[in-house]
Amino acid sequence: MNGIDPGWLPPEAFRPLGARRVLIAGSGPLVDTVRREVSDACARFGGEIVRDGPYDLLLRLPDGEPVGDEEEFTVAREGGATTVTALGGRGLLYGLFQVVRLGEEAFSGALPREVHRPATALRMLDHWDNVAVHPVMGQVERGYAGGSLFWRDGRAREDFARIRAYARLLAACGINAVCVNNVNVHAVEAELLTDRIGEVAAIAAELRPYGIRTHLSVTFAAPVVLGGLSTADPLQEAVRQWWARAVHGVYEAIPDFGGFVVKADSEGRPGPFTYGRSHADGANLLAGALAPYGGTVHWRAFVYDHRQDWRDRTTDRARAAYDHFAPLDGEFAGNAVLQVKHGPMDFQVREPVSPVLGALSRTRSAVEVQATQEYTGQQRHVCWLGPMWSEVLRFRPEGGAGPTVGESARDLVAVSNVGDDPFWTGHPLAQANLYTFGRLAWRPDADPYRVLDEWIGLTFPSAPERLADGLHAVLDGSWRTYEKYTAPLGVGFMVQPGHHYGPSVDGYEYSPWGTYHFADRDGVGVDRTAATGTGYAAQYAKPWAEVYESVASCPDELLLFFHHVPYGHVLRSGKTVIQHIYDTRFEGVEEAEEARRVWAGLAGLMAPARHERVAELFEEQVRSAREWRDQLNSYFLRKSGVPDAHGRTIY
Ligand code: GCU
């Protein structure tokens, strides 16, 4: 496909399907997509679409019933034929991709009837894409894969084939919604809501055939900046009417429009606080406008004081989302979804699960993760995030037999890691993050390593075992390796300010962003206990409030998130904090070097361009890992004066 990497849908992955006799029963736009997929595969591999039996594969919708968006499907193989039965067009499409995932297995032996049903209603990618290049953030905010897939030079791109190919990849991992612009809505992007909705509609038309709904980030100040009103006060009738008219216009252009994403009163964006109103007032205003059309507002909980005085030890950014939103539980409209970052801070390599996710029994919620690797190596480092996301989704906020985060969430959202790079994600192995997100969103309790197997099987359909083993060796532990050479024991933000790449231990220490580690000559970490600290630990229900409150029971990997301890403090692992810092930095670099060596041994087992791209990036990863190791070790040696027990080189 014109030099664009096929991702996890290389033609070869369709060979088992394309060599068969396939009967397709049903009609509708998504069935047409299924038919096109099957006919392309058959043209390539010698099979055919038949009008009646005998057949090897039946893809069917229920006879004569109106077909909606239903996503459930069943797969079974009996009497020498494989049958996919779906309740709606999306289900049929997902069933087709399940057959592709199964490969030959779909057509051999018996397959007991298996029902596939997504656990979440909406599985969305938020693109932080700007229409016009932003002077500081560029075209894609925190984007590491080239420019935007949707926008270029101030308008919608005309590269529609690319958008269609993207939609196809997303459908094949179960994603059903895309938000096409940045949550920071600047002046030009604000206009997408009204005058420029036609451009959004053109993108929506390319996403629709693959069952993907389009969402839009909007500014809360739209009635003022677009409508010329003097206020955006959510309780003013004129404001309500303005939104009703705007939403009407959106649905005229895009009848299946999904809804809005809103970042309000956050990092300088406008919001209801300006008018003395609550976030529930704000969210409900937009929810009310969208409700007649079945749309949803995703209201982000990322609200904190970004102009904090670092001298002020009473304010704790980690507390902010809970303090703002937990008291509002039950006040949000049914079609308002509170979109909560998975951790209380900001997508650091290690954070506890946000206590907000345990505090919303009467509010629909979405968990937001970051596929774009802002703080996890910026798609120059291999960092497969499946295990991290899985830990979050399996966390039980009430402990014991309570529900997991994955069971309680209505929606799962990832900040997209895709751009117009030929490999889609810049680093070719970052594709695994996108695929894994989609599959975990479908089934939050899925084993991430099995998902990785799927990705490998699809992406490299004729991979020898050696390649699959090598990919696992490089990817499986990559998040923990990254954690080892970067910020230790749950402390975060030791990054270069602004762009957030590479180490700078004190880069954010005296900043207004609320991101401190408080290292001094005696110790390091943030006291977030109820007894002597900021009280953040008490935002959790039992047992977590107690687990985190006590130094003795707090998990090592989160120790410095919750406690300020001396360098000589002995971890549960038996090591002192300072020795742990030294050891993990050295290990992390060794693991990165080892991954680079394994990768070098995989040359010749895949397309040369893909191998070379990753090999080049490994040079940068190893260089950067050494920089992290040496800066952090030197910093902590100089602060603490405690030598490394093994006498290794520290500067
Ligand atoms: C981070 C990121 C910003 C982004 C923000 C958000 O702070 O650095 O670029 O705008 O998150 O999630 O809104």
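Residues numbered from 1 in each chain as written. Predicted model: local features only at pLDDT ≥ 70, side-chain atom pairs only at ≥ 80, totals over all residues. Heavy atoms only, no water.

With an unreviewed UniProt entry as reference, the protein is termed Alpha-glucuronidase, source organism Streptomyces griseoruber.

*Asks:* How should I be thinking about the sheet that holds strand 17 (residues 364–370) in this particular structure?
*Replies:* Two strands in a sheet stick together by hydrogen bonds in their backbones, pointing the same way (parallel) or opposite ways (antiparallel). With parallel pairing, the eight strands of this closed barrel are ordered in space as 7-12-13-14-15-16-17-18. Along the sheet, successive strands turn relative to each other by an average axial angle of 25°, direction set aside. In this sheet, strand 18 (residues 411–415) lies alongside strand 17 in parallel orientation, the contact comprising five bridges. The residue of strand 18 that forms the bridge with E368 is V413. (Pairing = 2+ DSSP bridges. Helix = DSSP H or I, 4+ residues; strand = E, 2+ residues; numbered from the N terminus. Axes fitted to C-alpha atoms, helices over the stretch in contact; angles between N-to-C directions.)

*Asks:* Quick question: what am I supposed to make of the environment of L290 here?
*Replies:* Here L290 is to be found in helix 9 (residues 279–290). The buried category is assigned to L290, whose relative accessible area is 0%. Counting along the chain gives 30 residues from L290 to F260, while the straight-line C-alpha distance between them is 8.6 Å. Excluding its chain neighbours within four sequence positions, the residues that come into contact with L290 are V247, Y251, F257, G259, F260, G295, T296, V297 and N335. (Buried < 20%, exposed > 50% of the residue type's maximum accessible area, 1.4 Å probe, protein only. Contact = heavy atoms within 4.5 Å.)

*Asks:* In this structure, what is going on with unusual backbone geometry? I would like to understand it.
*Replies:* Between G53 and the following residue, P54, the backbone shows a cis peptide bond with an omega angle of -5°. Along the chain, P54 turns up in the loop between strand 2 (48–50) and strand 3 (57–60). The linkage connecting K542 with the following residue, P543, adopts the cis geometry, with an omega of 5°. Its place among the elements puts P543 in the loop between strand 19 (523–524) and helix 17 (544–549). Phi is positive for R142, close to 55°, though the residue is something other than glycine. Within the element layout of this structure, R142 appears in the loop between strand 9 (138–140) and strand 10 (151–152). R142 gets classed as buried once you look at its relative accessible area, which sits at 15%. Phi at F518 is positive, roughly 60°, even though this residue is not glycine. On the secondary structure map, F518 appears in the loop between helix 16 (478–485) and strand 19. For F518, a relative accessible area of 18% gives the class buried.

*Asks:* Explain the sheet that holds strand 2 here, please?
*Replies:* Pairing in this open sheet of six strands is mixed, and the strands run 2-1-3-5-4-6 from one edge to the other. This sheet does not close on itself; its edge strands, each paired only once, are strand 2 and strand 6 (111–116). Between one strand axis and the next, the sheet turns through 20° on average, direction left out of account. In terms of strand pairing, strand 1 (residues 21–25) meets strand 2 through three bridges, oriented parallel.

*Asks:* Explanation requested: the site of the ligand in the structure shown.
*Replies:* Near the ligand, the surroundings consist of 13 residues, among which E141, K263, R300, K341 and E374 are the closest. In this structure, E141 approaches the ligand through a side-chain N or O atom, which is 2.5 Å from an oxygen atom. N184 has a polar side-chain atom sitting 3.0 Å from an oxygen atom of the ligand. Contact with the protein chains removes 96% of the 320 Å² of surface that the ligand exposes when unbound. Broken down by class, the residue content of the shell around the ligand amounts to three nonpolar, two polar and eight charged. (Near = heavy atom within 4 Å. Polar contact = N/O pair within 3.5 Å; in protein donor to acceptor, adjacent residues only side chain to side chain. Areas by Shrake-Rupley, 256 points an atom, 1.4 Å probe, with all protein chains shown as cover. Nonpolar A, V, L, I, M, F, W, Y, C, P; charged D, E, K, R; others polar.)

*Asks:* In this structure, what is going on with the pairing of strand 18? I would like to understand it.
*Replies:* For a regular strand, the rule is simple: side chains alternate between the two faces of the sheet. Burial analysis of strand 18 places five of its five residues in the buried class, which makes it a mostly covered element. The alternating pattern of strand 18 places D411, V413 and V415 and L412 and A414 on opposite faces, both of which are buried. Pairing geometry for strand 7 (residues 122–126) and strand 18, over five bridges, is parallel. Bridge pairing links L125 to A414 in strand 18.

*Asks:* Is there a simple way to explain the packing of aromatic side chains in this structure?
*Replies:* Aromatic ring pairs are reported here in terms of the distance separating the ring centres and the angle at which the planes meet. Following the criterion strictly, the structure yields 31 aromatic pairs and no others. Ring geometry for W242 and W243: centres 5.2 Å apart, planes at 85°, overall edge-to-face. Here the two residues W242 and W243 agree in accessibility, since each one is buried. Note on Y536 and Y540: the rings are 5.5 Å apart at their centroids and 90° apart in plane angle, and the pair reads as edge-to-face. Connected via pairs of aromatic rings, a cluster forms that spans F395, Y536, Y540, W544, Y548, F561 and F562. Looking at R162, its charged tip hangs above the ring of W424, at a distance of 4.2 Å from the centre. Taking the ring centre of Y304 as reference, the NZ or CZ of R317 above it sits at 3.8 Å. (Phe/Tyr/Trp six-rings, centres within 6.5 Å; stacked < 30°, edge-to-face > 60°. Lys NZ or Arg CZ within 6 Å of the ring centre and 35° of its normal.)

*Asks:* Which parts of the structure should I look at to understand the pairing of strand 5 (residues 81–86)?
*Replies:* Of the pairings in the sheet, the one linking strand 3 to strand 5 comprises four bridges and is parallel in character. Within strand 5, the position partnered with L59 by the bridge is V84. Of the strand pairs in this sheet, strand 4 (residues 73–78) and strand 5 are connected by six bridges, and their pairing is antiparallel. By the bridge assignment, E78 is partnered in strand 5 with A81. As consecutive antiparallel partners, strand 4 and strand 5 are separated by two residues, and within that stretch G79 has a phi angle of approximately 55°, a positive value.

*Asks:* Whenever I open this one, the pattern of salt bridges confuses me. Can you help?
*Replies:* Once the charged atoms of two side chains with opposite charge are near each other, the side chains can pair. All told, the structure shown has 46 salt bridges when counted by the stated rule. Where D522 meets R521, a salt bridge forms, and the shortest distance between an N and an O atom there is 3.9 Å. Connected through salt bridges with shared partners, the residues D69, E71, R90, R123 and R213 form a single ionic network. (Salt bridge = Lys/Arg side-chain N within 4 Å of Asp/Glu carboxyl O.)

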